[in-house]
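Coordinate inspection notes
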Amino acid sequence: IARSLGIGAYAYYRRIVEDNKFNLISSILQVAEATNAAPEQIERLKKAKKETQFTKAIDIVSDVAAIPAVLLIDGHNPLLLLHDALSAGIHELSDIECLERARHAEVILYEIAVRLHAALSERKAVKQALADILKRKRGAD
């Protein structure tokens, strides 16, 4: 049995999330702007994006209302789910617990990516359809 596989996986996902926190929040902000979210939601996301510490950024957007509904995972804030999966200190957990939490983080990261892509692709398709319809309508006038 490979020892410390769980600890290594857990540390890896923590690092990925830490290194990409600005990209995650920026992408969520992009979806909020593309879907005409409430100004308060957009402001909270902008404030979180400026925060240098991931935990503080999560605190700013911890309320479900801070995240566009299309990105919620079964009604839960995906950033809070990630934070909850990866917030324990690595020395507090057994190797098995680390591996389980790493798997949870992987699933949540994948789901966030799928939802971000779907939301932005769908919005792009809607904008293109709207532009085509309006163009035809102007041509018919």
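In what follows, the structure referred to is the one given above.
We now turn to the structure provided with this report. (Residues numbered from 1 in each chain as written. Predicted model: local features only at pLDDT ≥ 70, side-chain atom pairs only at ≥ 80, totals over all residues. Heavy atoms only, no water.)

Take the overall build of the protein chain next. The helix and strand inventory of the protein chain stands at six helices and zero strands. Helices and strands in the protein chain line up, N terminus first, as α-α-α-α-α-α. What you see for the protein chain is a C-alpha radius of gyration of 19 Å, clearly larger than the 14 Å of a compact globule of 141 residues, by over 25%. C-alpha atoms of the protein chain, sized along the principal axes, occupy 70 × 30 × 25 Å. Sorting the 141 residues of the protein chain into buried and exposed places 33% on the buried side. (Helix = DSSP H or I, 4+ residues; strand = E, 2+ residues; numbered from the N terminus. Rg over C-alpha atoms; globule rule 2.2 N^0.38 Å. Buried < 20%, exposed > 50% of the residue type's maximum accessible area, 1.4 Å probe, protein only.)

At a minimum axis distance of 10 Å, the contact between helix α1 (residues 5-19) and helix α5 (residues 78-86) shows a crossing angle of 145°. The way α1 lies across α5 gives a crossing that is left-handed. Contacts from Y10, Y13, R14 and V17 in α1 reach L82, A85 and L86 in α5. Residue composition of the contact of α1 with α5, by class: six nonpolar, no polar and one charged. (Axes fitted to C-alpha atoms, helices over the stretch in contact; angles between N-to-C directions. Left-handed = near helix turned anticlockwise from the far one by under 90°. Contact = heavy atoms within 4.5 Å. Nonpolar A, V, L, I, M, F, W, Y, C, P; charged D, E, K, R; others polar.)

Time to look at the nonpolar core. One recurring pattern in soluble globular proteins: nonpolar side chains tend to sit buried together. Counting residues in hydrophobic clusters, the biggest one holds 38 residues, and the most contacted among them are V61, I67, L79, L82 and L86. Elements with a minimum of two residues in this core: α1, α2 (21-34), α3 (39-50), α4 (54-60), α5 and α6 (95-140). When residues in this core are grouped by element, the largest group, eight residues, is from α6. If we ignore the near neighbours within four places in the chain, the residues touching L79 are L24, I25, I28, I58, V61 and I67. (Core = buried A, V, L, I, M, F, W, Y, C linked by side-chain atoms within 4.5 Å.)

With that settled, the discussion passes to the side chain of H83. Turning to its location among the elements, H83 is positioned in helix α5. Note on H83: relative accessible area 18%, which makes it buried. With sequence-adjacent residues up to four places away left out, H83 is seen in contact with F54, T55 and I58.

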